Amino acid sequence: MGENESADEKFMKEAIALAASANPFPNPRVGAVIVKNGKIIGRGFHRRAGEAHAEVEAINSLGDKFFAKGATIYVTLEPCSHYGKTPPCTKAIIETGIKRVVFGARDPTEKVCGEEELREAGIEVEGGIMEKEAEKLNPEFHGIGKDADAGLPAVSLKTAVSLDGKIACNMGESRWISSEESRKRGHELRAKHDAVIVGIETVLRDNPRLTTRLASGKNPLRVVLDSKLRVPLDARIFSDAHVVIATSAESDRKKKKKIEETGAKVLEFPGGRIPPGELLAKLAGIGVSSALVEGGGEVNASFVASGLVQRYYIFVCPKIIGGRNAKTAVEGDGIFSMNEAKLLVFEEVERVGDDILIVAKPKKTDGK
């Protein structure tokens with residue numbers, strides 16, 4: 001234990017280390033340890049979506065939950081109190097006779113009120129222990145990243161490319177480059193974010209719904225970058241009013257009014273382009289804490305160039321498309337020398353159906 005480190009911090013570090021080893025996508029990483037008489041007697045982490053949560057895993061590791069009576073459980077995320085694919089963790093904690101719960105990060109979803117339920121059951125609860133470290137386990141879930149101090153949403157970028165880096169053929173057709181399993185994973189990613197961002201060309205070409213229909217979870221706010229208000233009023237994104245159209249302040253006023261009559265919100269920006277940073281600032285102002293960019297090459301390029309993307313999800317598909325004019329995942333002006341390239345670090349590489357999912361993050365200037 002460090003000179004100024006408390007016992008709670010010591011054991012929370014153990015829980016954080018357990019959580020970091022997990023990948024229960026699309027659920028958040030969570031770890032837990034059970035402590036009695038100053039010693040860890042149980043450990044657990046959330047292994048996979050649909051399986052036991054960290055608290056239950058730690059309790060089960062005891063062999064007999066009787067041993068948890070009077071103990072303290074340290075968990076990196078506020079225990080859940082709702083029924084989903086698994087029963088609420090608060091119920092399991094209460095039934096064991098655990099007397100104290102210490103958690104790191106508070107759950108940002110409205111459906112969780114675990115702290116309140118545990119207190120009502122007579123359990124001592126202390127939250128916010130090593131909160132920032134615990135939140136870093138799940139940056140999209142908590143809407144944090146390198147721009148958190150600026151109040152901007154955490155940004156991820158998702159794309160599917162052929163083995164030669166194309167996102168569409170010469171004629172613009174892109175359905176389907178990726179496998180069905182990858183498309184489902186993409187919908188799970190949408191469910192993890194408050195908003196999904198696309199460009200108007202994607203809407204005009206594919207007429208997407210931008211929902212989570214292939215996965216369980218909430219539909220994100222649909223955000224379309226459309227500086228000239230070309231979006232058709234019968235586009236499928238208008239299936240409900242959970243839509244934002246980002247446009248130029250000089251765009252057609254009558255069209256703007258018609259869009260607003262659908263219940264959608266129109267955000268205006270000066271000039272003919274939508275600057276990513278200014279867009280994110282306005283989205284933060286309406287409650288968006290995380291956004292998933294699913295644009296074409298130009299939209300992707302604008303976000304990459306802005307330096308605001310904190311995580312990349314690249315589905316690489318075993319197809320060769322070819323064509324010097326076929327679209328690529330990141331276009332724009334590009335770079336003029338290799339020392340200008342955006343450097344990334346691979347976090348995960350996973351087989352998804354016939355495809356490979358690469359998860360990467362920007363490489364820090366210190367090389368880590």
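Structural data are supplied above this passage.
A short tour of the structure in this document, coming up.

Rules used in this analysis
- Residues numbered from 1 in each chain as written.
- Predicted model: local features only at pLDDT ≥ 70, side-chain atom pairs only at ≥ 80, totals over all residues.
- Heavy atoms only, no water.
- Helix = DSSP H or I, 4+ residues; strand = E, 2+ residues; numbered from the N terminus.
- Contact = heavy atoms within 4.5 Å.
- Areas by Shrake-Rupley, 256 points an atom, 1.4 Å probe, with all protein chains shown as cover.
- Salt bridge = Lys/Arg side-chain N within 4 Å of Asp/Glu carboxyl O.
- Patch = residues over 30% accessible without salt bridge, like charges linked within 9 Å, V, L, I, M, F, W, Y side chains within 5 Å.
- Buried < 20%, exposed > 50% of the residue type's maximum accessible area, 1.4 Å probe, protein only.
- Arc of directions from axis to C-beta.

Some remarks on the overall build of the protein
Scanning the protein from N- to C-terminus turns up eleven helices and 14 strands. Principal-axis analysis of the C-alpha atoms gives the protein an extent of 65 × 45 × 40 Å. Counting contacts in the protein only where the partners sit at least 6 residues apart, residues at least 24 apart contribute 67% of the total. Put simply, the protein shows about 18,400 Å² of open surface, and 50% of that area lies on carbon and sulfur atoms.

Focus on the pattern of salt bridges
By the definition in use, this model includes 20 salt bridges. One salt bridge connects Arg185 with Glu350, and the closest N-O pair in it is separated by 3.0 Å. Remark: Glu350 occurs in strand E13 (residues 344–352) and Arg185 occurs in helix H7 (residues 180–192); sequence separation between them is 165 residues. The structure contains a network of salt bridges with shared partners spanning Asp8, Arg100, Glu124 and Glu126.

Overview of a nonpolar patch on the surface
A cluster of nonpolar side chains, namely Ile41, Phe66 and Phe67, defines an oily patch on the protein surface of about 310 Å² accessible area. Relative to the helices and strands, Phe67 is located in the loop between helix H2 (54–60) and strand E3 (72–77).

What to know about helix H3 (residues 89–96)
If you check which residues of H3 are buried, you get Cys89, Thr90, Ala92, Ile93 and Thr96. The buried side chains of H3 occupy one side of the element, clustering within an arc of 160° when seen end-on. On its buried face, H3 sits against H2, E3, strand E4 (100–105) and helix H4 (114–120). One or two steps after H3, the chain reaches Gly97, where phi turns positive at roughly 90°.

Spatial relationships are all this shows, so hold off on functional conclusions.
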